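# Report on the structure
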Amino acid sequence: MSAVTSQWSPRVLSILRIVAGYALFTHGSAKLLGFPKVDMFANLQIASLYGVAGILELILGALLVIGLFSRLAAFIASGLCAAAYFIGHVSASTFFFPLLNGGEAAVLFCFIFLYLAVAGPGSWSVDSARNAA
């Protein structure tokens, strides 16, 4: 591995974690806080499946953005996104075709978070700062 690659890989990993965590956080904030406004979440019940997903998205997204308990948060987020795909998108005829069932984001999030659970938070994270101390 070149010096440039070894220097930048942990930083780019951090950027991936932050961006993916922020995207997950916005899903939760749309559901629970009404921002950004998404019409289908206007009268969301907190005890509903979408409400529970929103709580998880908000908490896990925030943890991932700051890089705290990153591996655990990413692992749980990966499972959440897998469940979202199988519960909210898949049908017998579209199981292998996320393009047809609108589940591309759920599949990509699932595997991005699974990668982060294995690879760790990168160098710009609370976890890294705690381990360095």
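The present account deals with the structure reproduced in this document. (Residues numbered from 1 in each chain as written. Predicted model: local features only at pLDDT ≥ 70, side-chain atom pairs only at ≥ 80, totals over all residues. Heavy atoms only, no water.)

Our focus in this paragraph is the overall build of the protein. The helix and strand tally for the protein stands at six helices and zero strands. Shown N-terminal to C-terminal, the secondary structure of the protein runs as helices and strands in the order α-α-α-α-α-α. On the principal axes, the C-alpha backbone points of the protein span a range of 50 × 35 × 20 Å. For the protein, buried positions account for 32% of its 133 residues. The long-range fraction of contacts in the protein, counting pairs at least 24 apart against all pairs at least 6 apart in sequence, stands at 63%. Here the protein has roughly 8000 Å² of accessible surface; of this, 74% comes from carbon and sulfur atoms. (Helix = DSSP H or I, 4+ residues; strand = E, 2+ residues; numbered from the N terminus. Buried < 20%, exposed > 50% of the residue type's maximum accessible area, 1.4 Å probe, protein only. Contact = heavy atoms within 4.5 Å. Areas by Shrake-Rupley, 256 points an atom, 1.4 Å probe, with all protein chains shown as cover.)

A separate point is the side chain of Asn 101. Summarising the element assignment, Asn 101 is placed in helix H4 (residues 98–101). With sequence-adjacent residues up to four places away left out, Asn 101 is seen in contact with Tyr 85, His 89, Val 90 and Thr 94.

What follows is about unusual backbone geometry. Where the residue is not glycine, phi is negative for most of them; where a peptide bond is considered, it is trans in most cases. Residues Phe 35 and Pro 36 are joined by a peptide bond in cis, for which omega reads -5 degrees. Within the element layout of this structure, Pro 36 appears in the loop between helix H1 (3–32) and helix H2 (49–66). Even without a glycine there, the phi angle at Phe 69 is positive, about 50 degrees.

In this structure the tally under the stated criterion is three salt bridges. The partner of Lys 31 in a salt bridge is Glu 57, with the nearest N and O atoms 2.7 Å apart. With Lys 31 in helix H1 and Glu 57 in helix H2, the pair connects residues that are 26 residues apart, well separated along the chain. Side by side, Lys 31 and Glu 57 carry an identical accessibility label, which is buried. Across the pair Asp 127 and Arg 130 runs a salt bridge, and its minimum N-O distance is 3.6 Å. Of the two residues, Asp 127 and Arg 130 both sit in helix H6 (residues 126–132), three residues apart, roughly one turn of that helix. Judged by its relative accessible area of 13%, Asp 127 is buried. Overall, Arg 130 belongs to the partly exposed group, its relative accessible area being 47%. (Salt bridge = Lys/Arg side-chain N within 4 Å of Asp/Glu carboxyl O.)

Remember that the coordinates give geometry; whether it matters functionally is a separate question.
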